[in-house]
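# Fold and contact review
Chain by chain, the residues run as shown.
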Amino acid sequence: HYTQGKDWRGHRIKELGGVVYFAFERADLVKRRLHAYQLRDNLPAALPIAVVGQIINLMDPRCVDLILPALKEAEQKFGQAVRISVFDTYNKGIAIGGGDEDKAKDQNRALGHLRRLQENYPGLHVMAIGHTGKDEGRGARGSNALPGDADVQNQISTAGDIKIVTTTKANDAPEGELLRFKLEPYVFGADEDGDPVSAHIVAAETI
């Protein structure tokens with residue numbers, strides 16, 4: 001929706017921009033899900049979205065020198081600026097460098113590198129995807145340095161087969177429940193054994 005400037009579930013899209021998704025794990029699944037959305041929603045094949053499957057050590061200051069060229073290469077390919085960069089899972093980028101997500105100094109080091117990335121690529125929104133612990137009520141797993149640094153933090157919790165998105169922190173926006181959604185399988189076809197090939201994506205139905 002963002003890359004096409006299409007409003008999404010009552011939320012207005014104010015600008016167009018490219019997206020680079022750094023999939024530190026399950027890159028093939030990310031691509032499969034994007035393909036499922038494309039087929040289900042009849043989207044153009046050439047949307048300005050790129051998926052990078054290489055894991056990056058976010059503890060190393062030189063990570064900016066790896067990420068920045070990828071953004072600029074995508075910008076050249078898209079013919080427009082990249083406005084969203086997704087890091088999934090952000091904690092993997094800490095662990096690969098020997099860091100500990102429970103240590104504030106390690107979180108702050110990685111977050112500082114992502115802030116420097118924004119300084120070098122103005123207008124970039126950085127989306128760091130993480131996990132909650134076993135108790136969802138306690139929020140994100142690891143040091144509280146992450147929510148302390150975030151401008152906006154959304155948490156997804158589960159109630160039966162319904163996912164609830166709640167804004168738990170926002171510097172300049174309302175907090176509280178944002179939206180609800182369900183997941184649904186999109187079946188591409190069958191494999192050589194006749195088993196269905198599918199990906200679970202956000203259901204088109206609005207709750």
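Residues numbered from 1 in each chain as written. Predicted model: local features only at pLDDT ≥ 70, side-chain atom pairs only at ≥ 80, totals over all residues. Heavy atoms only, no water.

### Quick word on the sheet that holds strand 2 (residues 49-52)
One open sheet accounts for four strands, arranged 2-1-3-4; its pairing is parallel. With partners counted over all chains shown, the strands left at the sheet margins are strand 2 and strand 4 (125-129), one partner each. Across the sheet, the mean angle separating the axes of adjacent strands is 15° when strand polarity is ignored. Pairing of strand 1 (residues 18-23) with strand 3 (residues 82-88) involves six bridges; the strand directions are parallel. Each residue of the ladder has a partner; that of Val-20, found in strand 3, is Ser-85. Across the sheet, helix 1 (residues 27-40) touches strand 1 and strand 2, and the angle it forms with strand 2 is around 160°. (Pairing = 2+ DSSP bridges. Helix = DSSP H or I, 4+ residues; strand = E, 2+ residues; numbered from the N terminus. Axes fitted to C-alpha atoms, helices over the stretch in contact; angles between N-to-C directions. Contact = heavy atoms within 4.5 Å.)

### Thoughts on unusual backbone geometry
Between Asp-88 and Thr-89 the backbone carries a cis peptide bond, its omega angle lying at 0°. Looking at the secondary structure, you find Thr-89 in the loop between strand 3 and helix 3 (90-95). Unusually for a residue other than glycine, Arg-9 sits at a positive phi of about 50°. Topologically, Arg-9 is positioned in the segment before strand 1. Overall, the relative accessible area of 24% leaves Arg-9 in the partly exposed class. (Buried < 20%, exposed > 50% of the residue type's maximum accessible area, 1.4 Å probe, protein only.)

### Some thoughts on the nonpolar core
Of all hydrophobic cores here, the largest spans 25 residues; its most connected members are Leu-58 and Leu-71. Going through the elements one at a time, strand 1, helix 2 (63-78), strand 3, helix 3 and helix 4 (104-120) are the ones with two or more residues in this core. At seven residues, the largest contribution of residues to this core is made by helix 2. Setting aside its immediate chain neighbours within four residues, Leu-71 contacts Val-20, Phe-22, Val-82, Ser-85, Leu-117, Tyr-121 and Leu-124. (Core = buried A, V, L, I, M, F, W, Y, C linked by side-chain atoms within 4.5 Å.)

### With respect to the sheet that holds strand 7 (residues 176-181)
Spatial ordering of the open sheet is given by 5-6-7, a layout of three strands whose pairing is antiparallel. In this open sheet, the two strands that pair with only one neighbour each are strand 5 (152-159) and strand 7. Between one strand axis and the next, the sheet turns through 25° on average, direction left out of account.

### Observations regarding the pattern of salt bridges
All chains considered together, the criterion is met by 10 salt bridges. Of the charged contacts, one joins Lys-92 and Glu-25 as a salt bridge, the two residues approaching to 3.8 Å between their closest N and O atoms. Placement of the pair is Lys-92 in helix 3 and Glu-25 in the loop between strand 1 and helix 1, with a sequence separation of 67 residues. Residue classification places Lys-92 among the partly exposed positions, given a relative accessible area of 38%. A relative accessible area of 19% places Glu-25 in the buried class. For Arg-62, the salt bridge goes to Asp-60, with nearest N and O atoms at 2.8 Å. (Salt bridge = Lys/Arg side-chain N within 4 Å of Asp/Glu carboxyl O.)

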